[in-house]
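Coordinate analysis (summary)
Residues per chain are reported as follows:
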Amino acid sequence: MVAVKVGRTETGARTAASHTGKLTGADTVVDAAMRQYGVIRVDGLDQLQDTSALLARAKPPVAEGVVVYSISGGTGAHFADLASEAGLRLPQLSTAKQAELHEWIPPYLSVANPVDNGGHPVGDWRGRKIIDAILDDPEVGVLVCPITGPFPR
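What comes next is a walk through the structure. Because the structure is a prediction, the values reported are computed rather than measured.

**A word on the overall build of the chain**
- A count of helices and strands for the chain gives six helices and five strands.
- Along the chain, helices (α) and strands (β) appear in the sequence β-α-α-β-α-β-α-α-β-α-β when read from the amino end.
- Looking at the chain as a whole, 33% of its 153 residues are labelled buried.
- Here the contacts in the chain between residues at least 6 apart in sequence split such that 62% fall between residues at least 24 apart.
- In the form shown here, the chain has an accessible surface area of approximately 10,300 Å², with 58% of it arising from carbon and sulfur atoms.

**Regarding the nonpolar core**
- Ranked by size, the top nonpolar core spans 13 residues in total, and within it Val67, Leu93, Leu101, Ile105, Val115, Ile130 and Ile134 carry the most contacts.
- Breaking this core down by element, the ones donating at least two residues are strand 3 (65-70) and helix 6 (126-135).
- At three residues, the largest contribution of residues to this core is made by helix 6.
- The residues touching Leu93, leaving out its near neighbours within four places in the chain, are Val67, Gln98, Leu101, Val111, Ala112, Asn113, Val115, Asp137 and Val140.
- With six residues, the next largest nonpolar core counts Val66, Val68, Ala80 and Ala83 among its residues.

**Focus: the side chain of Gln98**
- Within the secondary structure, Gln98 is located in helix 5 (residues 95-101).
- Overall, Gln98 belongs to the buried group, its relative accessible area being 18%.
- The contact partners of Gln98, leaving out residues within four places of it in the chain, are Gln92, Leu93, Val111 and Ala112.

**What about the pattern of salt bridges?**
- All told, the structure shown has six salt bridges when counted by the stated rule.
- One salt bridge connects Arg128 with Asp132, and the closest N-O pair in it is separated by 3.0 Å. Placement of both Arg128 and Asp132 in helix 6 is noted, with a separation of four residues, approximately one turn of the helix.
- Given a relative accessible area of 55%, Arg128 falls into the exposed group.
- Classification of Asp132 by relative accessible area gives partly exposed; the value is 37%.
- Here the salt bridges share partners, and the residues they tie into one network are Asp31, Arg35 and Arg41.

**Focus on the sheet that holds strand 3**
- Taken in spatial order, the three strands of this open sheet run 4-3-5, and their pairing is parallel. Taken across any chain shown, the strands that pair with only one partner, and hence form the sheet edges, are strand 4 (115-116) and strand 5 (140-144).
- One ladder, built from two bridges, connects strand 3 with strand 4; its direction is parallel. If you follow Tyr69 over to strand 4, its bridge partner there is Val115.
- Each of strand 3, strand 4 and strand 5 touches helix 4 (residues 73-85); the most contacted strand, strand 3, lies at about 155 degrees to it.

**Here's the deal with a nonpolar patch on the surface**
- On the surface, Val4, Val6 and Leu45 cluster together into a nonpolar patch covering about 280 Å² of accessible area.
- With respect to the helices and strands, Leu45 occurs in helix 3 (residues 45-57).

Basis of the calculations
Residues numbered from 1 in each chain as written. Predicted model: local features only at pLDDT ≥ 70, side-chain atom pairs only at ≥ 80, totals over all residues. Heavy atoms only, no water. Helix = DSSP H or I, 4+ residues; strand = E, 2+ residues; numbered from the N terminus. Buried < 20%, exposed > 50% of the residue type's maximum accessible area, 1.4 Å probe, protein only. Contact = heavy atoms within 4.5 Å. Areas by Shrake-Rupley, 256 points an atom, 1.4 Å probe, with all protein chains shown as cover. Core = buried A, V, L, I, M, F, W, Y, C linked by side-chain atoms within 4.5 Å. Salt bridge = Lys/Arg side-chain N within 4 Å of Asp/Glu carboxyl O. Pairing = 2+ DSSP bridges. Axes fitted to C-alpha atoms, helices over the stretch in contact; angles between N-to-C directions. Patch = residues over 30% accessible without salt bridge, like charges linked within 9 Å, V, L, I, M, F, W, Y side chains within 5 Å.

See below:
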């Protein structure tokens with residue numbers, strides 16, 4: 001279940017209470033109850049729609065580990081921070097898995113998790129090999145590929 005709950009702040013709660021008859025409640029209590037019952041809390045209607053669409057189409061992960069795979073070390077680090085703050089587990093990939101990834105990714109780039117490919121392997125024959133190798137790890141249930149860069153209009 002995915003939900004948006006208004007009234008996080010005192011001002012928002014006061015406004016919602018005058019409109020909906022005090023259905024907002026203490027935000028910390030509502031937040032805890034949502035976590036306890038497995039409700040995914042999002043901040044707006046766009047996130048509600050995107051998260052619901054993802055959950056409707058995605059298969060349940062085979063493991064709890066999340067790997068971030070990006071073309072930029074900065075983007076990978078940023079997303080790793082966000083994922084960790086959200087309570088997701090980002091396991092460090094094994095030494096053997098890192099060595100395997102370095103068959104296609106230059107050795108000066110970090111592949112422990114997040115995996116930084118430096119941008120080059122994305123569009124050639126190495127791209128699929130890297131993704132398959134990451135997903136073949138038994139600790140990995142979810143692979144996240146944040147996309148950065150300039151995009152044509």
